[in-house]
Amino acid sequence: MSTRDLAWGVMVLAALGCARATRVEAPDLATTVETPDLGKPATAAQIAGWDISVGPDGVGLPPGSGTATKGAAVYEQKCQACHGAKGVGQPNDRLVGGQGTLASTAPVRTIGSYWPYATTVFDYVRRSMPYIQPQSLTNDEVYAVTAYLLNLNGIIGENDEINARTLPKVKMPNQDNFIRMYPARGR
Amino acid sequence: MGVSRRGFLKRTVAVLAATGLTGRGTEELAAAEPPDVPPWMKAPGAGFNAYGVPSRHESKVTRTFGRSQPGTTGSGAIRTPLEALEGAITPSGLHFERSHSGVPDIDPDAHRLLIHGMVKRPLIFTIEALLRYPMVSRVHFLECSGNSQLLYQPAPPSVTAGQTHGLVSGSDWTGVPLRRLLEEAGIDGGAEWILAEGADAAAMSRSIPMAKAMDDAFLALFQNGERLRPENGYPLRLFLPGWEGNMSVKWLRRLKVVPAPIMTKDETSRYTDLQRDGKSLMFTYPMEVKSVITHPSHGMTLKGAGLYQISGLAWSGNGTIKKVEITTDGGKTWRTAALTAPVLPRALTRFRLPWRWDGGATVLKSRAIDDAGNVQPEREKFIAEHGTNAVFHYNAIAAWSVAPNGEVKHVYA
């Protein structure tokens, strides 16, 4: 058997294998092929400009701080038009109250009644709010508004300082009522 | 033309009534029926069109039921008109939209994808670079996990199939396996999750399990053969087959490899499923087995007894549709519908069944079963288990009643 015959045989076998493999899920994802490796190294400064995510352990929280007292002024100027005075809602989401309603037929989901992690408030306000001017607040303003919303929900005091060290330690009232469905169990 | 004035008017009125069209010239409609030769055969047609659009006679087939947060124009969703479509591929222009702060107008040359965090080499990719990578093509459904949330309401909403179920669409997606790029960056030990972030004004973000990223996730660049539509993530979106649509982050700009979930707003305050006991299910990723009869469906009127074809869509985020059963007698008997090939995993599957309507009142339902053995539940059982507050992941059986006058309506039955 020549090398050529052998190569031909391998090709035929490969073709048969392919034919048998029709409709197998994602076969070509598993095969190893060379990749062009066209990514350019990212510098620390480039990453710092974009890395705005904050985990529940506080990783990603920037320097700065705020209190509810300071946050009230920011809220009135930047948030109140959409979320109502003191977070009562209207025209957009209600941010305050609702604790004790989750098992009723009319649950009220707010930061205080529903959100499991205080760090999410900082992360979300910084990246997405105010709706018409996202990423426009200073870090101090975001800390202050976060403190204000936590205070309105009775979770912290009005002069408690919220910063990178204290925010991850705030325990949200509904935190233990979430059941993680991944990994493992399906529904 | 040999058409009397009376005949002309009569036919014109009839045609107008049938098409529901008004406010257009009636001359051309006058002579389309035999023995007359239609006017569009008596003069050359229109010239070439640089980018084709549907016939003007189909102008009523649009996305439907757009709902935005108060004071916004692009924070909300608009649905696919399922009842007006056939087959298993949704036209790109009718694919549902769900956005959190409008649709950004992104210059593909200026767009960048950053991969960083627990990697050996943080990398930045241009779209031009990504277009050079080996690609895969996959037919998959995409379903917002808020699809059919109206059906949690105690009374059946009087809206069309697209309005209840149209936050699902099906496309042929092409892109780069995410695994390739992660391998190039080099994943550190202990990296279990990836934060995916969009370049929209909400910087919408979700935490993605590493196992899914290394399995069948890909970065989509093309939808139904052409580059992504802006509202579906142009120039780059994450695609996670079978999982809730919100995780397939659009306008993807950043992937941060992390040890644990970031707990973003959209995986805590939203896209968690509040149960009747006040507890919430979190990280409910696969979209459950589901189906809906699109024809006939709510808002249609059957024109008399006789033979009809029941047609609908079935899908499962947990695998491939194995069987769809249909009842045309309110659940007393069930028949197996024909599935239209190819029946693909995590893809819309068209089912059809001939049905002879005797003209009496009845109820039509479809029930999908996937190859993992999941069976689409009846609404009563589903609500008993999950309550009415979950908002997301509604997959119970939908029912359409047919009245003796032919009117088809959404019912709970």
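Since we're looking at a predicted model, the values are computed, not measured.

### Some remarks on the domain arrangement of chain B
Residue and element names in this part refer to chain B.
Here comes step 1: Domain annotation of chain B identifies domain 1 (5–46), domain 2 (112–281) and domain 3 (290–411).
Here comes step 2: Computed over C-alpha atoms only, the centres of domain 2 and domain 3 are separated by 28 Å.
Here comes step 3: On the side of domain 3, 26 residues touch domain 2, which itself brings 28 residues to the contact.
Here comes step 4: Counting residues per element, the ones that place at least two in the side of domain 2 that touches domain 3 are β6 (136–143), α3 (161–165), β7 (168–177) and β14 (273–274).
Here comes step 5: In the side of domain 2 that touches domain 3, the residues fall into 14 nonpolar, 12 polar and two charged.

### Some details on the sheet that holds strand β19 (residues 335–336) of chain B
Residues and elements named next belong to chain B.
Here comes step 1: Strand order in the open sheet formed by five strands is β19-β18-β22-β23-β24, and the pairing between neighbours is antiparallel. Strands with a single pairing partner mark the edges of an open sheet, and in this sheet they are β19 and β24 (408–411).
Here comes step 2: Note: strand β18 (residues 321–327) against strand β22 (residues 362–370), six bridges, orientation antiparallel. Along β22, the bridge assignment pairs Val 324 with Ala 368.

### Thoughts on the sheet that holds strand β8 (residues 193–198) of chain B
Here comes step 1: Ordered by their spatial adjacency, six strands build an open sheet running β1(A)-β5(B)-β4(B)-β13(B)-β8(B)-β9(B), and the pairing between neighbours is mixed. The open sheet is flanked by β1 (40–41) of chain A together with β9 (205–209) of chain B, the only strands paired with a single partner.
Here comes step 2: Inspection of the sheet shows β8 of chain B paired to strand β13 (residues 252–258) of chain B by six bridges, in the antiparallel sense. The residue bridging Glu 197 of chain B from the neighbouring strand is Arg 254 of chain B, located in β13 of chain B.

### Observations regarding the pairing of β18 of chain B
Here comes step 1: Summarising the sheet, β18 of chain B and β19 of chain B pair through two bridges and their orientation is antiparallel. When the sheet's bridge partners are listed, Glu 325 of chain B is paired in β19 of chain B with Thr 336 of chain B.

### So, the interface of chain B and chain A
Here comes step 1: Taken residue by residue, the interface counts 56 residues in chain B and 48 residues in chain A.
Here comes step 2: Mapped by element, the contributors of at least two residues to the side of chain B that touches chain A are β4 (112–117), β5 (123–126), α4 (178–185), β8, β9, β13 and β15 (280–282) of chain B.
Here comes step 3: Looking at side-chain class alone, the side of chain B that touches chain A contains 27 nonpolar, 15 polar and 14 charged residues.
Here comes step 4: Sheet topology note: the strand β4 (residues 178–180) of chain A/β15 of chain B ladder contains three bridges and is parallel. By the bridge assignment, Ile 179 of chain A is partnered in β15 of chain B with Leu 281 of chain B.

### Considerations on the nonpolar core
Here comes step 1: Counting residues in hydrophobic clusters, the biggest one holds 82 residues, and the most contacted among them are Val 145 of chain A together with Ile 194 and Leu 219 of chain B.
Here comes step 2: Looking at which element gives the most residues to this core, the answer is helix α7 (residues 139–152) of chain A, with nine residues.
Here comes step 3: Other than its neighbours up to four places away in sequence, Val 145 of chain A contacts Gly 71, Val 74, Tyr 75, Cys 79 and Val 125 of chain A.

### Quick look at the packing of helix α6 (residues 118–128) of chain A against α7 of chain A
All names here are of chain A.
Here comes step 1: Two elements in contact, α6 and α7, have axes whose closest approach is 9 Å; the angle formed by their N-to-C orientations is 135°. If you check the angle between α6 and α7, you find them oblique. With respect to the hand of their crossing, α6 and α7 are arranged in right-handed fashion. Every residue of α7 that contacts α6 at Ala 118, Val 121, Phe 122, Val 125 and Arg 126 is listed here: Val 142, Val 145, Thr 146, Leu 149 and Leu 150.

Thresholds applied
Residues numbered from 1 in each chain as written. Chains lettered and ligands numbered in written order. Predicted model: local features only at pLDDT ≥ 70, side-chain atom pairs only at ≥ 80, totals over all residues. Domains from an automatic or database assignment. Contact = placed C-beta atoms within 7 Å. Helix = DSSP H or I, 4+ residues; strand = E, 2+ residues; numbered from the N terminus. Nonpolar A, V, L, I, M, F, W, Y, C, P; charged D, E, K, R; others polar. Pairing = 2+ DSSP bridges. Core = buried A, V, L, I, M, F, W, Y, C linked by C-beta atoms within 7 Å. Buried ≥ 20, exposed ≤ 12 C-beta atoms within 10 Å, placed from the backbone. Axes fitted to C-alpha atoms, helices over the stretch in contact; angles between N-to-C directions. Parallel < 35°, antiparallel > 145°, perpendicular 65-115°, else oblique. Left-handed = near helix turned anticlockwise from the far one by under 90°.

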